[in-house]
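# Examination of the molecular architecture
Take a look at the letters that make up each chain.
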Amino acid sequence: AGEYGERKVTFENGALFYQRTGPKYKLVPMTGTLFAVEGLDYFRVEFEVKDGRVLALVGLYDDGRREPSPRTK
């Protein structure tokens with residue numbers, strides 16, 4: 001959980017949720033760092049981790065586009 005620029009990840013009721021500017025979406029684990037976004041089939045979220053710390057959130061789109069957002073909080 002944390003803030004990554006305009007993107008926010010929260011931990012609620014045992015699950016992670018992703019929010020950019022609109023509604024919250026549940027994150028569904030695919031690997032230890034890669035998550036599907038429930039309801040958004042074209043988008044995935046990956047966390048960049050180094051030495052056990054999350055450094056950034058990367059938005060992955062089905063067209064191959066990657067949007068990194070460094071952790072701000």
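Let us look at the structure shown here. (Residues numbered from 1 in each chain as written. Predicted model: local features only at pLDDT ≥ 70, side-chain atom pairs only at ≥ 80, totals over all residues. Heavy atoms only, no water.)

## Comments concerning the overall build of the chain
Condition: Secondary structure elements follow DSSP: runs of H or I of four or more residues count as helices, runs of E of two or more count as strands, with numbering from the N terminus. Note that the radius of gyration is over C-alpha atoms, with the globule rule given as 2.2 Å times the number of residues to the power 0.38.
Of the regular secondary structure elements, the chain holds zero helices and eight strands. Secondary structure of the chain in N-to-C order comes out as β-β-β-β-β-β-β-β. Since a compact globule built from 73 residues should have a radius of gyration of about 11 Å, the 11 Å found for the chain is in line with a globular shape. On the principal axes, the C-alpha backbone points of the chain span a range of 30 × 30 × 25 Å.

## Some words on the pattern of salt bridges
Test applied: In the sections that follow, a salt bridge refers to a side-chain nitrogen of Lys or Arg positioned within 4 Å of a carboxyl oxygen of Asp or Glu. Any residue under 20% of the maximum accessible area for its type is buried, any over 50% is exposed, and the rest in between are partly exposed; the area is computed with a 1.4 Å probe on protein chains only.
Enumeration according to the criterion identifies six salt bridges in this entry. The partner of Arg20 in a salt bridge is Glu6, and the shortest N-O contact between them spans 2.5 Å. Note that Arg20 is positioned in the loop between strand E3 (15-19) and strand E4 (25-29) and Glu6 in the loop between strand E1 (2-4) and strand E2 (7-12), a separation of 14 residues in sequence. Using a relative accessible area of 32% as the deciding quantity, one classes Arg20 as partly exposed.

## Quick word on the pairing of E2
For clarity, the cut-off: Strands were regarded as paired on the criterion that DSSP finds at least two bridges between them.
For E1 and E2, the ladder comprises three bridges, and the chain directions are antiparallel. Following the sheet pairing, Glu3 is matched in E2 by Lys8. Bridge count for E2 against E3 is five bridges, and the pairing is antiparallel. Opposite Phe11, over in E3, you have Leu16 as the bridge partner. With antiparallel pairing between neighbouring strands as the criterion, E2 and E3 make up a hairpin whose turn holds two residues, including Asn13 at a positive phi of roughly 50°.

## Side note on unusual backbone geometry
Backbone geometry at Asn13 places phi at a positive 50°, although glycine is not the residue there. Note on placement: Asn13 falls in the loop between E2 and E3. For Asn13, a relative accessible area of 84% corresponds to the exposed category. One non-glycine residue, Asp51, lies in the positive phi region at around 55°. Among the secondary structure elements, Asp51 is positioned in the loop between strand E6 (40-50) and strand E7 (53-61).

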